[in-house]
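A closer look at the structure
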Amino acid sequence: MDGISPRHPRAESLRIRKRIADGFDRGLVVAEGLAAHGRGEAFDYLLGERTTREAKRAIRAAAAALVLAEKPVISVNGNTAALVPEGLVELARVAGAKLEVNLFHGSREREMAIARWLHRHGAGEVLGVDPKFSTRIREIHSHRRKVDKRGIAAADVVLVPLEDGDRTEALKRLGKRVIAVDLNPMSRTARAADITIVDNIVRAMPLLIAAVRSLSRLPQKRVEKIFGDFDNSSNLRSTLRLMLARLRRLAAGSLR
Ligand code: ATP
Ligand code: MG
């Protein structure tokens, strides 16, 4: 029992918040991560805390990119590890992707705690924690410039959930195909990525895993078409219109 009444109108949101708070207690999440989560919650509220049709479209395109990738990598930060550890491990497995710990507010201790947490949830190899394989991306000025030679440095497709804009832009400049999961359709991350899933990572992750499974069975040509037909800017605009329409209905009093 988590002590959250199922009748509370924000019950699911509170459960997710508790997971982040537990992650903070375990040393996976930093104080800044709690604040970033709050920013996400506000945008989730505007979405109506549901997976939109636009998000489903982005999830399908993201699955296509992962299936087509030769060297896909899933970048893991503290919030993501705290929220969806099993999902990260399962996605890595079905997509044949590597997991790499990559932190904005980095410390050796926290890197190791996150890697242990992933192992506890069934992860095999976790990159980003062995200094022997670490290299630097010159374009980035935070701790996150440190990447794994076997992982993000060599990747063709990188999934960056809950990412910072600077790094997304740097990964793009390096020629990587970037998939973001970000509740804010206006963030630099959302706008710089090739595919942005505007949804809560908690809801998007199981859908992404299912989509990778189903697209893996399709002929390559069809998967390429799904990827090629996706237009990120138009999908983001359409998500923003949806948020606006919801605000208008709220303002008109037709939505409680
Ligand atoms: P950017 O640097 O891309 O312009 P930002 O500075 O506004 O973005 P950051 O603090 O760098 O934001 O990153 C946190 C992002 O993660 C926010 O955009 C927030 O909406 C998003 N976010 C937080 N929690 C979740 C979640 N559970 N699922 C999906 N996205 C989330
Ligand atoms: Mg930022």
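Everything below is about the structure shown above.
What this report covers is the structure whose coordinates are included nearby. (Residues numbered from 1 in each chain as written. Chains lettered and ligands numbered in written order. Predicted model: local features only at pLDDT ≥ 70, side-chain atom pairs only at ≥ 80, totals over all residues. Heavy atoms only, no water.)

**Quick notes on the site of ligand 1**
Around ligand 1, a shell composed of 18 residues is seen, among which Arg-39, Gly-165, Asp-182, Arg-188 and Thr-189 lie nearest. Residue Arg-39 places a side-chain N or O atom 2.6 Å away from an oxygen atom belonging to ligand 1. Here Gly-165 contributes a backbone N or O atom positioned 2.8 Å from an oxygen atom of ligand 1. With the chains in place, 87% of the 620 Å² that ligand 1 exposes on its own is no longer accessible. With respect to the pocket detection grid, ligand 1 is positioned in the largest pocket. The element that contributes the greatest number of residues to the shell around ligand 1 is helix 2 (residues 31–47), accounting for four residues. (Near = heavy atom within 4 Å. Polar contact = N/O pair within 3.5 Å; in protein donor to acceptor, adjacent residues only side chain to side chain. Areas by Shrake-Rupley, 256 points an atom, 1.4 Å probe, with all protein chains shown as cover. 1 Å grid on protein atoms, 1.4 Å probe; cavity = no way out; pocket = protein on both sides within 12 Å on 5 of 7 lines; lining within 4 Å. Sits in = over half its atoms within 2 Å of the grid points. Helix = DSSP H or I, 4+ residues; strand = E, 2+ residues; numbered from the N terminus.)

**Topic: the layout of surface pockets**
In this structure, the largest pocket occupies an estimated 970 Å³ of space. Residue lining of the largest pocket: 44 residues in total, with Ala-36, His-37, Asn-79, Leu-162 and Glu-163 positioned closest to the centre. Of all the secondary structure elements, the ones that give two or more residues to the lining of the largest pocket are helix 1 (11–25), helix 2, helix 4 (78–83), helix 8 (188–192) and helix 9 (201–215). The leading source of residues in the lining of the largest pocket is helix 2, at ten residues. (Points joined across faces, edges and corners; volume = space filled by probe spheres on them.)

**A few points about the nonpolar core**
In this structure, Ile-74, Leu-91, Ile-179, Ile-195 and Leu-208 are the most contacted members of the largest nonpolar core, which totals 55 residues. At nine residues, helix 9 tops the list of elements feeding residues into this core. If we ignore the near neighbours within four places in the chain, the residues touching Leu-91 are Leu-66, Ile-74, Gly-96, Leu-159, Met-205, Leu-208, Ile-209 and Val-212. Residues Val-73, Val-147, Ile-152 and Ala-170 belong to the second largest nonpolar core, which totals 13 residues. (Core = buried A, V, L, I, M, F, W, Y, C linked by side-chain atoms within 4.5 Å. Buried < 20%, exposed > 50% of the residue type's maximum accessible area, 1.4 Å probe, protein only. Contact = heavy atoms within 4.5 Å.)

**With respect to helix 10 (residues 220–228)**
Within the sequence span of helix 10, burial applies to Val-223, Ile-226 and Phe-227. The buried residues of helix 10 occupy an angular sector of 100° when the element is viewed end-on, so they sit on one face. Exposed and facing more than 90 degrees away from the buried side of helix 10 are Lys-221, Lys-225 and Gly-228. Where the residues of helix 10 are buried, they touch helix 3 (53–68), strand 7 (177–181), strand 8 (195–197) and helix 9. (Arc of directions from axis to C-beta.)

**Thoughts on the pairing of strand 7**
A large share of strand 7 lies buried, amounting to four of its five residues. The sheet contact formed by strand 6 (residues 157–161) and strand 7 spans five bridges and is parallel. Residue Val-157 lies in a different strand from strand 7, and its bridge partner there is Arg-177. After leaving strand 6, the chain enters helix 7 (residues 165–173) and then returns to the sheet as strand 7, a path that is right-handed. Bridging between strand 7 and strand 8 involves three bridges; their strand directions are parallel. Paired with Val-181 across the two strands is Ile-197, which belongs to strand 8. (Pairing = 2+ DSSP bridges. Right-handed = clockwise from strand over helix to strand, strands pointing away.)

**What about the packing of aromatic side chains?**
Inspection of the entire model under this criterion finds zero aromatic pairs. Sitting over the ring of Phe-133, Arg-150 keeps its end group 3.6 Å from the ring centre. (Phe/Tyr/Trp six-rings, centres within 6.5 Å; stacked < 30°, edge-to-face > 60°. Lys NZ or Arg CZ within 6 Å of the ring centre and 35° of its normal.)

**Quick word on unusual backbone geometry**
The backbone phi angle of Glu-49 is positive, close to 50°, even though this residue is not glycine. As for its placement among the helices and strands, Glu-49 is situated in the loop between helix 2 and helix 3. The exposure class assigned to Glu-49 is partly exposed, which follows from its relative accessible area of 24%. Its identity is not glycine, yet Leu-162 carries a phi of approximately 50°, on the positive side. Mapping Leu-162 onto the fold places it in the loop between strand 6 and helix 7.

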